[in-house]
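A look at the structure
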Amino acid sequence: MTKIWDVTSLNKETILECEEFADNDAFERIEAALVHVDAAAAILAQGGTVAFPTETVYGLGANALDAAAVAKIFKAKGRPSDNPIIVHIAKASDITQLTTKLTPTIVKLIDEFWPGPLTLVLPKTAAVPDIVTAGLQTVGIRMPDDAAALELIKRAGCPVAAPSANISGRPSPTRAKDVLSDLDGKVDVILMGGDCRVGIESTVLDMSGDVPTILRPGFITKEDIKELIGGRVEMDPGITDSLEAPKAPGMKYTHYAPKATMTVFEGRQEKVISEIARIKALNEANGIKVGVIIFEEKDFILAASEFFARLRDLDSEEVDLILAGAMSKNDSLGFAVMNRMMKAAGYNIVKV
Ligand code: TXA
Ligand code: MG
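Parameters and conventions
- Residues numbered from 1 in each chain as written.
- Chains lettered and ligands numbered in written order.
- Predicted model: local features only at pLDDT ≥ 70, side-chain atom pairs only at ≥ 80, totals over all residues.
- Heavy atoms only, no water.
- Near = heavy atom within 4 Å.
- Polar contact = N/O pair within 3.5 Å; in protein donor to acceptor, adjacent residues only side chain to side chain.
- Areas by Shrake-Rupley, 256 points an atom, 1.4 Å probe, with all protein chains shown as cover.
- Helix = DSSP H or I, 4+ residues; strand = E, 2+ residues; numbered from the N terminus.
- Pairing = 2+ DSSP bridges.
- Contact = heavy atoms within 4.5 Å.
- Axes fitted to C-alpha atoms, helices over the stretch in contact; angles between N-to-C directions.
- Domains from an automatic or database assignment.
- Buried area = accessible area lost by both parts, 1.4 Å probe.
- Salt bridge = Lys/Arg side-chain N within 4 Å of Asp/Glu carboxyl O.
- Parallel < 35°, antiparallel > 145°, perpendicular 65-115°, else oblique.
- Left-handed = near helix turned anticlockwise from the far one by under 90°.
- Nonpolar A, V, L, I, M, F, W, Y, C, P; charged D, E, K, R; others polar.

Around ligand 1 sit 28 residues in total, of which Thr-56, Arg-79, His-88, Ser-202 and Gly-250 are the nearest. In this structure, a nitrogen atom belonging to ligand 1 sits 3.1 Å away from a side-chain N or O atom of Thr-138. One nitrogen or oxygen atom from the side chain of Arg-216 is found 2.9 Å from an oxygen atom belonging to ligand 1. Computed on the free molecule, ligand 1 has an accessible area of 680 Å², of which 97% lies beneath the protein chains in the complex. Among the secondary structure elements, those contributing two or more residues to the shell around ligand 1 are β6 (138-142) and β10 (213-216). Per-element accounting of the shell around ligand 1 gives the leading share, 4 residues, to β6.

This is how it looks when you write it as structure tokens:
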């Protein structure tokens, strides 16, 4: 049986109320959540699986140094075994057990972006089991920016391997209820926090070679990285070119797929809106249930935070067809959102 525990109170606002205003009620709510986090941490330390909130999407964690525990993640998610898992830490100094490559540039990235939505791919130490890295000699590492996640990892006393907490292929979960609908009964604990602030998974940056290379676009953009470290920053051609094999194994799979057929409409926004309305009416006239996803043209932050939730809501409404409006790929966050939207639609695109 999966234990389902509420940790919503472990958020920055409640912690601030507690610290700045000595708010007793806030203190008690935080204490109650910490009792759950403590129990979940003990389960992690004993080789169990715990789903938990992060600022990007919910993760499904296990002790990263325990191969048998990590195997339970692959089983619960139905995850292909050639897809490596990101290892999460709670203090930057814990990175030294996972990698020995800490150049000044890497330290700069950590100082600037951790805790936060940036995963660094680095050469792994012998302590990291092969199952975590799917046999690769590199390991993805990140420190999440979420109070419950950080407390959980700290109290578990081990680095925590955690992919997104969805059944493989389904949209990543950004709300506690999404984790419940995918993993209830399949994992030991689900920590239910609030909705994820960022809403798309971390930027994956390969720092194992000579040229920093983005393997998965995310909230931290190429410009953000370039501005900090200067020099060349590349984008893995596998992200956009379907003929190139992506370097992040996970980028090659069918992903984020809703149950409905999905089409993305690309073009000037007024035209996109009118074309979607026309196609919607045509389909509805034939008794087909249609869902629409259109965001404000420049509201990339909102689009990132809501896209996966919208896909899941349309699945719950059992629509047959999803019609979505493309956003600008010239904006770096827009590019990251479009990466998810195109995959969700299986690259089914109509230019208008
Ligand atoms: O925001 C996130 O990154 C979330 C939260 C839970 O932290 N996690 C996440 O994990 O999205 P997952 O497993 O769904 O995606 C990990 C991605 C995959 O595309 C995987 O192939 C890539 O990172 N990856 C992990 N380790 C890698 C490595 N050593 N080399 C190349 N790619 C790697
Ligand atoms: Mg995932």
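This brings us to the sheet that holds strand β11 (residues 234-235). One open sheet holds the 11 strands; their spatial order is β1-β8-β2-β3-β7-β4-β6-β5-β9-β10-β11, and the pairing between them is mixed. What marks the edges here is a single partner per strand, and that holds for β1 (3-6) and β11. As paired strands, strand β3 (residues 59-63) and strand β7 (residues 160-161) are joined by 2 bridges and run antiparallel to one another. Across the sheet, the residue bridging to Ala-62 is Ala-161, located in β7. Contacting β1, β2 (50-52), β3 and β8 (189-192), helix α7 (residues 176-183) crosses the sheet at an angle of about 165° to β8.

As assigned here, the protein chain comprises domain 1 (3-239) and domain 2 (261-351). Just the C-alpha atoms count here: the centres of domain 1 and domain 2 sit 28 Å apart. Across the contact, 25 residues belong to domain 1 and 16 residues belong to domain 2. Across the domain 1/domain 2 interface, buried area totals approximately 1600 Å², and carbon plus sulfur atoms make up 54% of it. On the surface where domain 1 and domain 2 come into contact, there are 4 salt bridges. The partner of Arg-175 in a salt bridge is Asp-313, with the nearest N and O atoms 2.9 Å apart. Per-element accounting of the side of domain 1 that touches domain 2 gives the leading share, 4 residues, to α7.

Capping the start of helix α1 (residues 12-21) is the job of one residue whose side-chain oxygen sits 3.1 Å from the backbone nitrogen of Glu-13: Asn-11. A positive backbone phi angle near 45° is found at Ala-22, which sits one or two residues after α1.

On to the packing of helix α2 (residues 24-45) against helix α6 (residues 147-156), then. Packing of α2 against α6 brings their axes to within 8 Å, and their N-to-C directions diverge by 50°. Judged by the angle between their axes, α2 and α6 are oblique. Crossing hand, α2 versus α6: right-handed. Within the contact between the two elements, α2 uses Leu-34, Val-37, Asp-38, Ala-40, Ala-41, Leu-44 and Ala-45 and α6 uses Ala-148, Glu-151, Leu-152, Arg-155 and Ala-156. Tallied by class, the residues present in the contact of α2 with α6 amount to 9 nonpolar, no polar and 3 charged.

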